[in-house]
Amino acid sequence: MFVEERQALIYEELQSNGRVRVKDLSKKFNVSEDLIRKDLNVLEKEGKLRKIYGGAVLAKENVQRKLASQRKNINLDAKKNIAKKAINIIEPGDIIFLDISTSSIEMAKLLINEQKPMTVITNMLEVINILVSSNINVIFIGGELDYGHDGFVGSLTNQMIDGFRFDKAFLGVVGVDINDNSVMTYMPADAQTKELVLSHSKETYMLCESEKFNQIGNYQYAKIDDFYGLICDKDLSLGLHKELKQYDIKVIE
């Protein structure tokens, strides 16, 4: 087997499982552990992984802040799949919170056809624009318009949220680092609002496209095990499932 071919297979395994071990790769390819370490060095220089003790983990893409108008049509099918699964969780009479997330937009589009009685509370402008023509009881949270003009965050927003208690909250994420038990967003003000919603909800669900496991944001707002559940667009790899088990979080695929 050529060196390039072995390195490509190592990277494929990293993408599937999120991490690899030198000892396991040495046995799999029937080569020395020193040779595997050289392969990992090459892949690290290419920015594809980060070496850790005994192996390596997949490198995370640092995602920069974009406006909602730029983000909402990216991975649209994945967001629609997440929205369908999220809608099925809502029960009649629930008080739910939809935060600033492009997946929340897809949830709102489905909610206008729902016959279940519910109350939707949101701080996202596009969500309120969609739901304004529905029969759903809607409460809009105001405050300071956020950086991307997606919705409202800050102290005034948080004061309003502080009076509510939610049955279920659905929060977007920019990136998830399983190894660091970290859930990230773009801006500190948005993070503080998300943290408050988390503390005021009986069940909080992460709206998480599968690619978010390979991305990082600018600000950590929660740990994975702060959430009740994670809603993903498609089946996760066995490696991701094993990693998530340690956090005792309900995974909905």
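This one's a predicted model, so the numbers in the text were calculated from it and none came from an experiment.

What counts as what
- Residues numbered from 1 in each chain as written.
- Predicted model: local features only at pLDDT ≥ 70, side-chain atom pairs only at ≥ 80, totals over all residues.
- Heavy atoms only, no water.
- Helix = DSSP H or I, 4+ residues; strand = E, 2+ residues; numbered from the N terminus.
- Buried < 20%, exposed > 50% of the residue type's maximum accessible area, 1.4 Å probe, protein only.
- Polar contact = N/O pair within 3.5 Å; in protein donor to acceptor, adjacent residues only side chain to side chain.
- Contact = heavy atoms within 4.5 Å.
- Pairing = 2+ DSSP bridges.
- Right-handed = clockwise from strand over helix to strand, strands pointing away.
- Arc of directions from axis to C-beta.

Chemist: Please provide a residue-by-residue account of unusual backbone geometry, values included.
Modeler: Its identity is not glycine, yet Asn30 carries a phi of approximately 55°, on the positive side. The topology assignment puts Asn30 in the loop between α2 (22–29) and α3 (33–45). On the accessibility criterion, Asn30 (72% relative accessible area) is exposed. A positive phi angle is found at Asn181, which is not glycine, with a value near 50°.

Chemist: Which residues make up the side chain of Thr119, and what are the values?
Modeler: Residue placement: Thr119 occurs in strand β6 (residues 119–122). Side chain to side chain, Thr119 and Asn137 meet in a polar contact 3.0 Å long. Residues contacting Thr119, with those up to four places away along its chain left out, are Asp94, Ile95, Ile96, Asn137 and Ile139.

Chemist: Let's hear about the pairing of strand β7 (residues 137–140): which residues, and what values?
Modeler: Side-chain positions along a regular strand alternate between the two faces of the sheet. Direction of pairing for β6 relative to β7: parallel, over a ladder of four bridges. Residue pairing across strands places Ile121 opposite Ile139, the latter belonging to β7. Read from β6 through helix α7 (residues 125–131) to β7, the crossover connection turns out right-handed.

Chemist: Please provide a residue-by-residue account of α2, values included.
Modeler: Looking at α2, one finds that the buried residues are Val22, Leu25, Ser26 and Phe29. Along α2, the residues classed as buried sweep out an arc of 105° about the axis, all on the same side. Opposite its buried face, α2 presents the exposed residues Lys27 and Lys28, each directed more than 90 degrees away. Immediately beyond the C-terminal end of α2, within one or two residues, lies Asn30, with a positive phi of roughly 55°.

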